[in-house]
Amino acid sequence: MEEIRPVLKRARIAEEEKNNVPDNDAGPAVVDSQPHLSQLNYVRDEKYWLEDGNIVLLIRNIGFKVYKGLLAEHSPVFRGMLVVAQGADASGEKIDGQPVVHLDDSPDDFRELFRFVYPLSSNINLRIDAESIDVDTISAIIRLDHKYELPALSAQAMSYLTDYYTTGFASWVDGEHGSQWKPHEKIHAISAIKIARLTDTTSILPTAFYELSTIAAADVVLRGHTSRDGSVQRLSDDDIELYLGMRSTLLTANARCAFLLFKSQSGECQNDPTLHSPCLQFIKAVLEQTGLGMLPHKIASVTVLDSWIANVTNYRSSRGRTPSPCSKCRTHLEERDWELREQAWRKLPQYLGITVENWKTSD
């Protein structure tokens, strides 16, 4: 992923003072306690430069002075790195008397990590404040876990994605999958897909691709979305091909569901089980109005998992005294509606050419 370095406001470039004493009145200037070392040009992070920190991470040109013990607790990789830094020769790089570790990662990714590692008053808990967690935060945690091994935090972050991009049909259609956390925008499914590819979590893919497909303008998806650090998240070429193919397949599947649903009345119709049944005439009228785009669920859409019953209700209320279907035919429509949507759900992994273990229907 192409990274664009953030522009930090009010940051001050750290410089060595001749007497190696920080000027407390001059703001957050950093003092290198080893004047014999080559000059280190860096910017002290405004939030994560902790005065009593005991390790300095220089991430590109940003300096973070933090507590190595808490960092090591979350990551065995950091634990090993910090042991090496602690045992470094006295002539090694130091800032404010603390050893320096150079990292080539995104400073913004580490800021997201530090929100959960260091208990500042402005920080949040990954579980308590789920509304404050967005896909950028989750992506940062997962990317860093992939490199530095952060099992506890990454498990929490991944649980948000696997809960929302669920494998359960009932959870998806009743909205339960979004009760704990949901992305701020549908386009953020792109980041979920990238995480699924990075971690080989294929269970995320069917609903993430489905949600992308429901965005009306395909060009919006192809352009991607911009993260807080300015980097643009886009689908890979292979995933663009899958997205376009799934979108086309969903259009066909949605139209098929409409025609199969509004094909006939119940075999136990209480009015007239023949072709002259007022129930059948009502059902065919709903199909006609649906085809003309006059009712909420359009035939020419990809929302195959949405219910068609709203069309029945909407048509009935708009026609005043028009006879409604009998109770048997209403029940038939509701049960058939669920069945057809469930069939479409079952095929979502197939549309992507993958198999998802425990892909659940209500059977």
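The notes below deal with the structure included here. (Residues numbered from 1 in each chain as written. Predicted model: local features only at pLDDT ≥ 70, side-chain atom pairs only at ≥ 80, totals over all residues. Heavy atoms only, no water.)

## Digging into the packing of aromatic side chains
Two descriptors summarise a pair of aromatic rings, namely the distance from one centre to the other and the angle between the planes of the rings. In the structure shown here, the tally under the stated rule is 20 aromatic pairs. Taken together, a centroid distance of 5.8 Å and an interplanar angle of 70 degrees make the contact between Phe 110 and Tyr 148 edge-to-face. Pair noted here: Phe 110 is in helix H3 (residues 107-117) and Tyr 148 is in helix H4 (residues 135-148), with a separation of 38 residues, a long-range link. Counting every residue linked through ring pairs, the aromatic cluster contains Tyr 160, Tyr 164, Tyr 165, Phe 169, Trp 172, Trp 181, Tyr 210, Trp 338, Trp 345 and Trp 359. (Phe/Tyr/Trp six-rings, centres within 6.5 Å; stacked < 30°, edge-to-face > 60°. Helix = DSSP H or I, 4+ residues; strand = E, 2+ residues; numbered from the N terminus.)

## So, the nonpolar core
One finds Leu 57, Phe 110, Leu 113, Phe 114 and Leu 212 to be the most contacted residues of the largest nonpolar core, which totals 83 residues. Per element, the largest residue contribution to this core is 8 residues, and it comes from helix H10 (residues 237-261). Residues within four places of Leu 57 in sequence aside, it is in contact with Ile 62, Gly 63, Phe 64, Val 66, Leu 71, Val 101, Leu 103, Phe 110 and Phe 114. Of all hydrophobic cores here, the second largest spans 7 residues; its members include Leu 40, Trp 49, Val 56 and Ile 95. (Core = buried A, V, L, I, M, F, W, Y, C linked by side-chain atoms within 4.5 Å. Buried < 20%, exposed > 50% of the residue type's maximum accessible area, 1.4 Å probe, protein only. Contact = heavy atoms within 4.5 Å.)

## Re the pattern of salt bridges
Scanning the entire structure with this criterion turns up 15 salt bridges. Ionic pairing is found between Asp 104 and Arg 60, a salt bridge with its closest N-O pair at 3.5 Å. Of the two residues, Asp 104 is situated in the loop between strand E5 (98-103) and H3 and Arg 60 in the loop between strand E2 (55-59) and strand E3 (62-66); the sequence distance between them amounts to 44 residues. A residue is classified by how much of its surface remains accessible, and Asp 104, at 59% relative accessible area, is exposed. For Asp 337, the salt bridge is made with Arg 341, and the minimal N-O distance between the two is 3.0 Å. Of this pair, Asp 337 and Arg 341 both sit in helix H13 (residues 327-351), 4 residues apart, which is roughly one turn of the helix. Residue class for Arg 341 comes out buried when judged on its relative accessible area of 7%. Through salt bridges that share partners, Glu 112, Arg 115, Asp 134, Asp 136 and Arg 228 make up one connected network. (Salt bridge = Lys/Arg side-chain N within 4 Å of Asp/Glu carboxyl O.)

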